[in-house]
There are 2 protein chains.
Amino acid sequence: MAISNIRYGEGVTKEVGMDLQNLGARRVCLMTDKNLSQLPPVNAVLNSLAKYGINFQMYDNVRVEPTDQSFLDAIEFAKKGEFDAYVAVGGGSVIDTCKAANLYASSPTSDFLDYVNAPIGKGKPVTVPLKPLVAVPTTAGTGSETTGVAIFDFKELKVKTGIASRAIKPTLGIIDPLHTLSMPERIVANSGFDVLCHALESYTALPYNMRSPCPSNPINRPAYQGSNPISDVWALHALRIVAKYLKRAIRNPEDREARANMHLASAFAGIGFGNAGVHLCHGMSYPISGLVKTYKPKDYNVDHSLVPHGLSVVLTSPAVFAFTAQIHPERHLEAAEILGADIRTARIKDAGFILADTLRKFLFDLNVDDGLAAIGYSKADIPALVKGTLPQARVTKLSPRPQTEEDLSALFEASMKLY
Amino acid sequence: MAISNIRYGEGVTKEVGMDLQNLGARRVCLMTDKNLSQLPPVNAVLNSLAKYGINFQMYDNVRVEPTDQSFLDAIEFAKKGEFDAYVAVGGGSVIDTCKAANLYASSPTSDFLDYVNAPIGKGKPVTVPLKPLVAVPTTAGTGSETTGVAIFDFKELKVKTGIASRAIKPTLGIIDPLHTLSMPERIVANSGFDVLCHALESYTALPYNMRSPCPSNPINRPAYQGSNPISDVWALHALRIVAKYLKRAIRNPEDREARANMHLASAFAGIGFGNAGVHLCHGMSYPISGLVKTYKPKDYNVDHSLVPHGLSVVLTSPAVFAFTAQIHPERHLEAAEILGADIRTARIKDAGFILADTLRKFLFDLNVDDGLAAIGYSKADIPALVKGTLPQARVTKLSPRPQTEEDLSALFEASMKLY
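As annotated in an unreviewed UniProt entry, chain A is Hydroxyacid-oxoacid transhydrogenase, mitochondrial from Charadrius vociferus. Among the UniProt annotations of chain A, the heading Sequence similarities (unreviewed entry) holds the following wording: "Belongs to the iron-containing alcohol dehydrogenase family. Hydroxyacid-oxoacid transhydrogenase subfamily." Turning to chain A, the UniProt annotation filed under Subcellular location (unreviewed entry) states: "Mitochondrion".

Colleague: In this structure, what is going on with the overall build of chain A? I would like to understand it.
Modeller: Secondary structure summary: chain A contains 15 helices and eight strands in total. The C-alpha radius of gyration computed for chain A amounts to 20 Å, which stays within 12% of the reference 22 Å derived for 419 residues, consistent with globular compactness. Once the C-alpha set of chain A is aligned to its principal axes, its extents read approximately 60 × 45 × 40 Å. Here chain A displays about 15,500 Å² of accessible surface, and carbon together with sulfur accounts for 52% of that area. A gap of 2 Å separates the mean positions of the 43 positive and 41 negative side-chain charges of chain A.

Colleague: Just to check I follow, could you spell out the relation of the copies chain A and chain B for this structure?
Modeller: Look at the two chain copies: a rotation about an axis and a shift along it is all it takes to match them. The transformation that overlays chain A on chain B combines an axial shift of 0.0 Å with a rotation of 180°, and the residual RMSD is 0.0 Å. Here the two chains are linked by the operation of a two-fold rotation axis. Comparing interface residues between copies, 100% of those in chain A also sit at the interface in chain B, which points to an isologous, same-surface contact.

Colleague: What's the story with the sheet that holds strand E4 (residues 85-90) of chain A in this structure? I'm lost.
Modeller: Either a parallel or an antiparallel arrangement is found when strands of a sheet pair, and the pairing is made through backbone hydrogen bonds. All names here are of chain A. Reading across the sheet, the six strands line up as E1-E8-E5-E4-E2-E3 and stay open at both edges, with parallel pairing between neighbours. Of all the strands in the sheet, the pair left with one neighbour each is strand E1 (5-8) and strand E3 (56-59). Averaged over all neighbouring strand pairs, the angle between strand axes comes to 20°, with direction disregarded.

Colleague: Help me understand the UniProt feature "domain: Alcohol dehydrogenase iron-type/glycerol dehydrogenase GldA" (unreviewed entry) in chain A in this model?
Modeller: Sites flagged by UniProt as "domain: Alcohol dehydrogenase iron-type/glycerol dehydrogenase GldA" (unreviewed entry) map to residues 5-177 of chain A. The span residues 5-177 of chain A shows a helical share of 28% and a strand share of 23%, and its end C-alpha atoms are spaced 17 Å apart.

Colleague: For this particular structure, what's the right way to read the interface of chain A and chain B?
Modeller: The figure often quoted for interface size is the accessible area lost as the parts come together. Opposite the 25 residues of chain A that make contact, chain B presents 25 residues. Of the roughly 2,300 Å² buried between chain A and chain B, counting both surfaces, carbon and sulfur atoms make up 63%. Joining chain A to chain B, the criterion identifies zero salt bridges. On the surface where chain A and chain B come into contact, there are two residue pairs in polar contact (both at pLDDT 80 or more). Secondary-structure elements contributing two or more residues to the side of chain A that touches chain B are E1, helix H1 (16-22), helix H6 (229-251) and helix H7 (256-276) of chain A. If you tally residues by element for the side of chain A that touches chain B, the top one is H6(A), at five residues.

Colleague: Could you clarify how one ought to interpret the environment of A:Gly226 in this entry?
Modeller: Residue and element names in this part refer to chain A. Within the secondary structure, Gly226 is located in the loop between helix H5 (185-204) and H6. We classify Gly226 as buried; its relative accessible area is 0%. Once the C-alpha coordinates of Gly226 and Tyr208 are considered, the two residues, 18 residues apart in sequence, prove to be 4.2 Å apart. Setting aside chain neighbours within four positions, we find Gly226 in contact with Leu206, Pro207, Tyr208, Arg211, Asn275, Ala276 and Leu398.

Colleague: How do you make sense of the pattern of salt bridges when you look at a structure like this?
Modeller: Residue and element names in this part refer to chain A. Tallying each qualifying case throughout the model produces 46 salt bridges over all chains. The residue Asp350 makes a salt bridge to Arg347 at a minimum N-O spacing of 3.1 Å. Sharing partners across several salt bridges, the network here consists of Glu185, Arg186, Lys298 and Asp299.

Colleague: Explain the sheet that holds strand E3 (residues 56-59) of chain B to me, please; I cannot follow it from the model alone.
Modeller: Residue and element names in this part refer to chain B. An order of E1-E8-E5-E4-E2-E3 is seen for the six strands of this open sheet, with the pairing classed as parallel. The outermost strands of the open sheet, each flanked by one partner alone, are strand E1 (5-8) and E3. Between one strand axis and the next, the sheet turns through 20° on average, direction left out of account. Where strand E2 (residues 28-31) lies against strand E4 (residues 85-90), four bridges are found, and the strand directions are parallel. Looking at the pairing, Met31 lines up with Ala88 of E4.

Colleague: I'm lost on the UniProt feature "domain: Fe-containing alcohol dehydrogenase-like C-terminal" (unreviewed entry) in chain A in this one. Help?
Modeller: In this numbering, the UniProt entry assigns the feature "domain: Fe-containing alcohol dehydrogenase-like C-terminal" (unreviewed entry) to residues 226-416 of chain A. Regarding residues 226-416 of chain A, the helix share stands at 61% and the strand share at 0%, and the terminal C-alpha atoms are separated by 29 Å.

Colleague: Would you mind showing me how to read the nonpolar core here?
Modeller: A general tendency of soluble globular proteins is for nonpolar side chains to be buried together. Counting 158 residues, the largest nonpolar core has A:Leu196, A:Ile375, B:Leu196 and B:Ile375 as the members making the most contacts within it. Dropping the residues within four chain positions of it, B:Ile375 is found in contact with B:Ile288, B:Tyr295, B:Val307, B:Leu311, B:Leu315 and B:Asp369.

Colleague: Before we go on, may I ask you to explain the packing of aromatic side chains in this structure?
Modeller: Geometry of an aromatic ring pair is reported as the spacing of the ring centres plus the angle between the planes. In this structure the tally under the stated criterion is 24 aromatic pairs over all chains. Look at A:Tyr104 and A:Phe112: their rings are 5.3 Å apart centre to centre, the planes differ by 35°, and that puts the pair in the tilted class. What makes A:Tyr104 buried here is its relative accessible area of 2%. Seen from their ring centres, B:Tyr59 and B:Phe77 are 4.9 Å apart, and the 45° between their planes marks the pair as tilted. Of the two residues, B:Tyr59 is situated in strand E3 and B:Phe77 in helix H3 (residues 68-81); the sequence distance between them amounts to 18 residues. The structure contains a cluster of three or more aromatic residues connected by ring pairs, namely A:Phe71, A:Tyr104, A:Phe112, A:Tyr115, A:Phe152 and A:Phe154. For the cation-ring pair, A:Arg331 lies above A:Tyr203, with the distance from its terminal atom to the ring centre recorded as 4.1 Å.

Colleague: Where do I start with the pairing of E4(A) in this structure?
Modeller: Here is the key point about a regular strand: its side chains alternate between the two faces of the sheet. All names here are of chain A. Burial analysis of E4 places six of its six residues in the buried class, the great majority of the element. Burial of the side chains of E4 extends over both faces: Ala85, Val87 and Val89 are buried on one face and Tyr86, Ala88 and Gly90 on the other. Across five bridges, the pairing between E4 and strand E5 (residues 133-137) is parallel. The partner of Val89 across the bridge, within E5, is Val136. In the classification by handedness, the crossover that spans E4, the intervening helix H4 (residues 92-106) and the parallel E5 is right-handed.

Colleague: What is the right way to look at the domain arrangement of chain A in this model?
Modeller: Residues and elements named next belong to chain A. For chain A, the domain assignment lists domain 1 (5-179) and domain 2 (184-414). Its C-alpha centre places domain 1 at a distance of 24 Å from the equivalent point of domain 2. Taken together, the 31 residues of domain 1 in the interface contact 36 residues of domain 2. In terms of surface lost to domain 2, no three residues of domain 1 exceed Ala140, Lys160 and Arg166, which account for 19% of the buried area on that side. Measuring nitrogen to oxygen at the nearest pair gives 3.6 Å for the salt bridge that ties Arg256 to Glu10. On the surface where domain 1 and domain 2 come into contact, there are nine residue pairs in polar contact (both at pLDDT 80 or more). Put simply, the parts of the chain that give the side of domain 1 that touches domain 2 at least two residues each are E1, strand E6 (149-154) and strand E7 (159-164). Partitioning the side of domain 1 that touches domain 2 into residue classes produces 14 nonpolar, eight polar and nine charged.

Thresholds applied
- Residues numbered from 1 in each chain as written.
- Chains lettered and ligands numbered in written order.
- Predicted model: local features only at pLDDT ≥ 70, side-chain atom pairs only at ≥ 80, totals over all residues.
- Heavy atoms only, no water.
- UniProt positions renumbered as here; feature names shortened; annotations may be inferred.
- Helix = DSSP H or I, 4+ residues; strand = E, 2+ residues; numbered from the N terminus.
- Rg over C-alpha atoms; globule rule 2.2 N^0.38 Å.
- Areas by Shrake-Rupley, 256 points an atom, 1.4 Å probe, with all protein chains shown as cover.
- Lys, Arg positive; Asp, Glu negative; His and termini not counted.
- Charge placed at Lys NZ, Arg CZ, Asp CG, Glu CD.
- Least-squares fit on C-alpha atoms with pLDDT ≥ 70 in both.
- Contact = heavy atoms within 4.5 Å.
- Pairing = 2+ DSSP bridges.
- Axes fitted to C-alpha atoms, helices over the stretch in contact; angles between N-to-C directions.
- Buried area = accessible area lost by both parts, 1.4 Å probe.
- Salt bridge = Lys/Arg side-chain N within 4 Å of Asp/Glu carboxyl O.
- Polar contact = N/O pair within 3.5 Å; in protein donor to acceptor, adjacent residues only side chain to side chain.
- Buried < 20%, exposed > 50% of the residue type's maximum accessible area, 1.4 Å probe, protein only.
- Core = buried A, V, L, I, M, F, W, Y, C linked by side-chain atoms within 4.5 Å.
- Phe/Tyr/Trp six-rings, centres within 6.5 Å; stacked < 30°, edge-to-face > 60°.
- Lys NZ or Arg CZ within 6 Å of the ring centre and 35° of its normal.
- Right-handed = clockwise from strand over helix to strand, strands pointing away.
- Domains from an automatic or database assignment.
- Nonpolar A, V, L, I, M, F, W, Y, C, P; charged D, E, K, R; others polar.

Set out below in C-alpha cells:
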C-alpha cells in the first residue's frame, strides 16, 4: 500500500515555490496545457515561483488525452532541460505526461516501450531514481496526483495503455479547491464520473488475496493489487462524497463546498484505486476513447475529436456492474444504497440490476449521452471495441468475474443505449 | 498529510528479508525487547533474515515504556553498529526506540535534546537523511509503524515527552495479524484503548485551519496539524472497528477476525492521529504514567512499576470528552453513536455527557480499573499531575477547548473514580 503526500486547502498553491525551495530545486520544469497556461491555476504557480526566485522553464504543449507522440514531445523537452524537479498543473493528461517526462528523462537510455505496460510494452520495473514531482490538479476526477499511473493513446494500435509503477507517483499533491471553480459544467461531470468509477471498480475488484500470480518478491508486485481493507475505506468514502456532492458541483460553479469536496474525493478515490486497481469500465473505456470518430464534447476547448475519459468509463458502468454483481453482490448492493437506492426490500440476487438501474438514473439526471450509440458507435464497431479491450489485461483481470470475448461483446452491446 | 507504506496479511513477516535485500541493506539492526526475543514474531523475522542471508545484529534491551536512558542505550548500540537499515519488532516501545536510534545514529553530533519536543528539548527540524526502518508491530494499539513520533519518559523531570518529525516515520510497516494472537488479555485491552483514544482525540482535535501559529513554510509545520478531512476518515473508520471488534479481541485470543481487525485499526488510527494529533487524554496521560507509584498491571511481564500507556490514556477519557464536547458537540455525539449509544432522542447539548457515559459503560464492561484512584493516585497528587501536563502543550493545545490549570485539576479529579 503506497500512499502519496497531499496538502489540501484553498490557496495552498501559493506555497509551491517554497516546496521547491525546500526540495533544493534549481531548474524546474513547469508542465501544463495551452488552455490552462492562461488561467488562474497556472498564474498562481507562476506567482509563487517568481516570489521564491525559482528558475524554471514552461512546457504548455501537453495534449488533452495524450498520445505516445505527445508523451515523446514532452520527454524530449525534459531531457534537454536537465531539470531537477517538476511541477504539473492540470488534469490527468498534464500530470500523466509529466510523470512520463520525469521517468524517461531520468532513464535517458531507455526505449519508450521499456516501461509501457505489457503486453504492449515490456513493463520493466523502474529502478532509476526520479526527480521530485509536485502535482497541482485542476480537475476533480483523475486522482493522478496520488497514483503511479500514466495513461496515453497508442496511436499506431489505436488503443489506450500506460505506464504503471509506484516510482512515478508524485512526491506531493497540492489539492487547492480554488482551481476547480473555473471548471465548465461538462468537465465537472465527466471528471466526476471518473471518480465514481474509480470508487465502484476498486471496491468491487478481485480481492488482493485472490489475485494471481502473486510474485514472491514484494518489489515485483503490481501497483494494482486488488481490493483490500485499506483501499475499501477510500473507495466507500469517495463514493459517499460523489453521492452527496457531484450533482451540486455540476449545477453550480459557485458551490464551493461541493466543488471542494469533489476535489478531495478525486484524491481519495485515487488513493483507493491507485492501490486496488480498476477493472472492466476502465479496461473497456480505452478502445471507446481510442477509436473515437467525430464526437466533440461540449465544454472541451480542443481541436480534435475526443471522448472524455470519464465519459468513456461511465457509459458501460450499468452493464458492467450488472455483470460483475454475482461475485460480490453485497458490495454492489451497498454501493447502490450509497448512491440513493432504497434497498430495504431488495433481494441479494438482484444486486447487479439494482446498481445498474441506480447508475442509469444517476446518469440520466445529469444529462449524460444516451450510451455508446450517442457518441458515434454502432453494433458494427463492437468487434473492434472488443479487440481494443483484450490488451487491457492489466486491469480487466482485476474484474471479480472472468470474462470471455463474447461477454465483452455483450457488455458493449448492452451499453449502446442506456435509457 | 504524510502517510506510510504498509503491507498487511497473515504471514507477511516472512518477506522482511526480501524487503531488506531490495533496500540493499548489508548491516541490519534488529530491535526488540527481552520478552519478545523468545516469541514467534521475532522468530519469524530471524528466519526470514537467515533465508535471505541478511547480516544483522540484535538489540533486545528495549525497555517497555522507554526512558531517556533506555533511548540513549539503544542509540549507543546503533552508533557503534554503523547500520544501513533497521527492523523493529514489538509494540510502540520498541518501534519508538528504534526511531530514536536511527535518528541519532544518522545525526551523530547532535545533542539528545536537539530533537526532543520543545519546551523540554529544542525541537529542531530533522534535515539529515535517515536509514530505512521496517516496523513489525506486535500489539494493536500504538500505530507507531505509521507515525513520526517516538515517546519516552524523561526521568529527571518525571514526565513523558518525545520526538516528533515526519523524518522518523518508518519506511514500511508490516501488519501481520498472526503476531497479535499471542497477546495476553490486558495487553489487548490496553493497546485497544490507545486506538480508541487516538481515534476520538484526533476526530475532535482543533481543526487544521484553526491552529496557530501556522508557519508559512510547509517544512516548519508540525506533524500534528489538527483534525482535517483526511484524518477524519481514518479516525471514524478506526472507531467503528474498535466498536465492533475490541471486546471480541479481548475475550478470545483465537478470534482471528477480531484480532486482525484491531491490528489494522491500530494502523488506521495511527495514520489519522499521526497527522491530526491527539489532545487532552494523551497530554494528561504522560504524568499519569510518569508519576507511577507501585502499580503493576496484570499480564505485563516487567520488573518495574508501570501504568500501561493505553490505560493511562483512557482513564481520563470520560472527563475529557464531557469537557470538550461544547466545541464540536455533533462529532462527540457521532462518536457516542458509533460506540453504541442510542442517540435518537439525544439533545445536542448533552453530547459530552452521552459520550462520557458511553465510554464509562464500555470501560466497565471491559473490567478496567475504576479510575485514577484504583491505580494509586489520590487528590493529593493532582497538583503534580497538573504540573506534569503543562509541558505537553504540543498536544494539549490541540484540544478544541482551551484549558486552564483549574480545568486540568478538575479533569483529574473527575477521573479519580469512573463508575
